Amino acid sequence: MTGEQRPEWANPEEPDKFSTVIRKGKEQETGEVTFQKNVRFQKRGSTEPSLDELYEGVLKGDRSLLARAITLVESNAEQHFQKAQALLQKLLVHSSKSIRIGITGVPGAGKSTFIEAFGTYLCELGLRVAVLAIDPSSKISGGSILGDKTRMETLARNPKAFIRPSPTAGKLGGVHRKTREAMLICEAAGFDVILIETVGVGQSEVIIRDMVDFFMLLVLTGAGDELQGMKKGIMELADCLIVHKADGTNKQNAEKTRKEYNRILHFLQPATKGWGTKAYTCSSLTHEGIADIWKVIQTFETTVKSSGVFDERRKFQSREWLYSMITDTLHYHFFHHPGVKNLLPKYENEVITGDVTVATAVEKLYETFINSNQ
Ligand SMILES: Nc1nc2c(ncn2[C@@H]2O[C@H](COP(=O)(O)OP(=O)(O)OP(=O)(O)O)[C@@H](O)[C@H]2O)c(=O)[nH]1
Ligand SMILES: [Mg+2]
């Protein structure tokens, strides 16, 4: 560690994520230690890359600038919002040709290990792979499911790959907006495959389904009862089911489970028009089945592109994104409106005590919001 630096173990690709700066104190005659005021902010501000530097850097696939561009769109600071949107606007024309793949499954299903094996395989084929994550629990835990970059050690070191831990929700839109925007940036940077991991805890599958072209569900071997208990809704979102950890003594069982899933899938509504969702087995330890899964995805891509379903889905997703951002923006501005903030506790109280109806309270708050916005 030197002078006024971040410690060497801070990630150089994500300097903004590490807020501590070690600085020498100034010895005064009294012996007290004081700190130079504002130096840290001046220093950080002056090293912030300009819009053009970020734009050029992303297009060139410069990993450090790519990471900083994503940090910018993930920032919850209001002054970064405009710059981030200007960057995205410039990059938008460059985003299009990658395939977006969503991966879900219960905790411990082996998603991270699968991404490590699958991503590495794709890199060996010469493809560039970006891994993003949506962590629905991060709001509560503050953690990140890809904090376990260690599970993806090989992939993280691969120059053809880029791994980004999940963003945390903030006031300027939730993790969904940030993940979508990070995805656009990765596409502009020329990544061929975008893998998005989310832990399957219910609602997150629907959100991720709305962002990707192909959606896979990782499941484990289990008794018939467990299969029946699995939510039909989740299976109906998937374009393929993978019975994972099909290795060693578990291999035979995995094959049996695959057949059982296929029987159930036969009666379900397929997630994508013109595509029959099927179950496959795979092991991320032995890598058996990994190549076949990529073949399935390629067949899927050809099928849905020629039928027009691929384009149709992307258009639908853009429209959905527009509406969800409108909702986010209105929500943000409404709850940050000074008048609303001021009156809300009063109306909340009156609604609880039964002095005012909910509809009246909403109408009054809405009037306050509208009147001062005119
Ligand atoms: N036998 C076997 N074990 C596996 C395989 N893939 C993953 N595992 C093990 O399963 C455990 C969980 O793997 P992870 O990749 O962390 O699972 P995850 O779904 O990402 O878990 P969360 O991030 O907590 O939701 C680890 O101990 C892995 O070593 C596999 O193909 N075969
Ligand atoms: Mg994981």
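Definitions and limits used
Residues numbered from 1 in each chain as written. Chains lettered and ligands numbered in written order. Predicted model: local features only at pLDDT ≥ 70, side-chain atom pairs only at ≥ 80, totals over all residues. Near = placed C-beta within 6 Å. Nonpolar A, V, L, I, M, F, W, Y, C, P; charged D, E, K, R; others polar. Pairing = 2+ DSSP bridges. Helix = DSSP H or I, 4+ residues; strand = E, 2+ residues; numbered from the N terminus. Axes fitted to C-alpha atoms, helices over the stretch in contact; angles between N-to-C directions. Contact = placed C-beta atoms within 7 Å. Parallel < 35°, antiparallel > 145°, perpendicular 65-115°, else oblique. Left-handed = near helix turned anticlockwise from the far one by under 90°. Buried ≥ 20, exposed ≤ 12 C-beta atoms within 10 Å, placed from the backbone. Core = buried A, V, L, I, M, F, W, Y, C linked by C-beta atoms within 7 Å. pLDDT = per-residue confidence, 0-100.

Novice: Got a sec to walk through the site of ligand 1? Specific residues and values, please.
Specialist: Near ligand 1 there are 17 residues, and of these Gly110, Lys111, Ser112, Thr113 and Lys245 occur at the shortest range. In terms of residue class, the shell around ligand 1 is made up of five nonpolar, eight polar and four charged.

Novice: Got a sec to walk through the sheet that holds strand β8 (residues 240-243)? Specific residues and values, please.
Specialist: As summarised here, the arrangement of the seven strands in space is β5-β4-β6-β3-β7-β8-β9, forming an open sheet in which the pairing is parallel. Two strands bound the open sheet, and with one partner strand each, they are β5 (161-163) and β9 (278-281). Neighbour to neighbour, the strand axes of the sheet diverge by 25° on average, direction disregarded. Inspection of the sheet shows β8 paired to β9 by four bridges, in the parallel sense. Each bridged residue has a counterpart across the sheet, and for Ile242 the counterpart in β9 is Tyr280. In the packing of helix α12 (residues 251-265) onto the sheet, the strands contacted are β8 and β9, and the crossing angle to β9 comes to about 170°.

Novice: Break down the packing of helix α2 (residues 51-60) against helix α3 (residues 63-74) for me, with residues and values.
Specialist: The contact between α2 and α3 brings their axes to 8 Å, and the two run at 125°. By the angle class used here, α2 and α3 are oblique. With respect to the hand of their crossing, α2 and α3 are arranged in left-handed fashion. Here Glu53, Leu54, Gly57 and Val58 of α2 lie close against α3, whose contacting residues are Leu65, Leu66, Arg68, Ala69 and Leu72.

Novice: Talk me through the environment of Ala156; I want residue IDs and the actual numbers.
Specialist: Its location among the elements puts Ala156 in helix α7 (residues 153-157). Accessibility expressed as a C-beta count within 10 Å gives 16 for Ala156, which makes it partly exposed. C-alpha of Ala156 to C-alpha of Val131: the two residues are 25 residues apart in sequence and 9.6 Å apart in space.

Novice: Give a description of the packing of helix α15 (residues 338-353) against helix α16 (residues 358-371) that names residues and reports values.
Specialist: Packed helices, taken two at a time, are described by their axes: the angle between them and the distance between them. Between α15 and α16, the shortest axis-to-axis distance is 10 Å and the interhelical angle comes to 170°. Taken together, the axes of α15 and α16 are roughly antiparallel relative to one another. Residues Gly339, Val340, Leu343, Leu344, Tyr347, Glu350 and Val351 of α15 pack against Val358, Ala361, Lys364, Leu365, Thr368 and Phe369 of α16. Split by residue class, the contact of α15 with α16 holds nine nonpolar, two polar and two charged.

Novice: Describe the nonpolar core, and please don't skip the residues or the numbers.
Specialist: In this structure, Ala69, Ile101, Ile185, Ile194, Ile196 and Met216 are the most contacted members of the largest nonpolar core, which totals 67 residues. If one sorts the elements of this core by residue count, α3 sits on top with seven residues. The contact partners of Met216, leaving out residues within four places of it in the chain, are Ile101, Ile103, Ala238, Asp239, Cys240 and Ile242.

Novice: Describe the confidence of the model for the protein chain, naming the residues involved and giving the relevant values.
Specialist: For the protein chain, mean pLDDT is 82; residues scoring 70 or higher make up 76% of the total. Highest mean pLDDT in the protein chain belongs to helix α13 (residues 290-307) (97); lowest belongs to strand β2 (residues 33-34) (42). Segment residues 24-45: pLDDT under 50, and eleven contacts once partners within four positions in sequence are set aside and those in other chains are kept. The model gives residues 138-146 a pLDDT under 50, and that stretch makes 22 contacts with residues more than four places away or in other chains.

Novice: For the pairing of strand β4 (residues 129-134), give the residues involved together with the corresponding values.
Specialist: Regular strands place their side chains on alternate faces of the sheet. The element β4 is largely enclosed, with a buried count of six among its six residues. By the alternation rule, side chains of β4 split into Val129, Val131 and Ala133 and Ala130, Leu132 and Ile134, which are all buried. Pairing of β4 with β5, which is carried by three bridges, proceeds in the parallel orientation. Within β5, the position partnered with Ala130 by the bridge is Phe162. Relative to strand β6 (residues 193-199), β4 runs parallel, the two being bridged by six bridges. The partner of Val131 across the bridge, within β6, is Leu195.

Novice: Quick rundown of unusual backbone geometry? Include the residues and the values.
Specialist: Non-glycine residue Lys245 carries a positive phi angle of around 60°. In this structure, Lys245 sits in the loop between β8 and α12. If you check the backbone angles, His287 has positive phi at about 70° while not being a glycine. The topology assignment puts His287 in the loop between β9 and α13.

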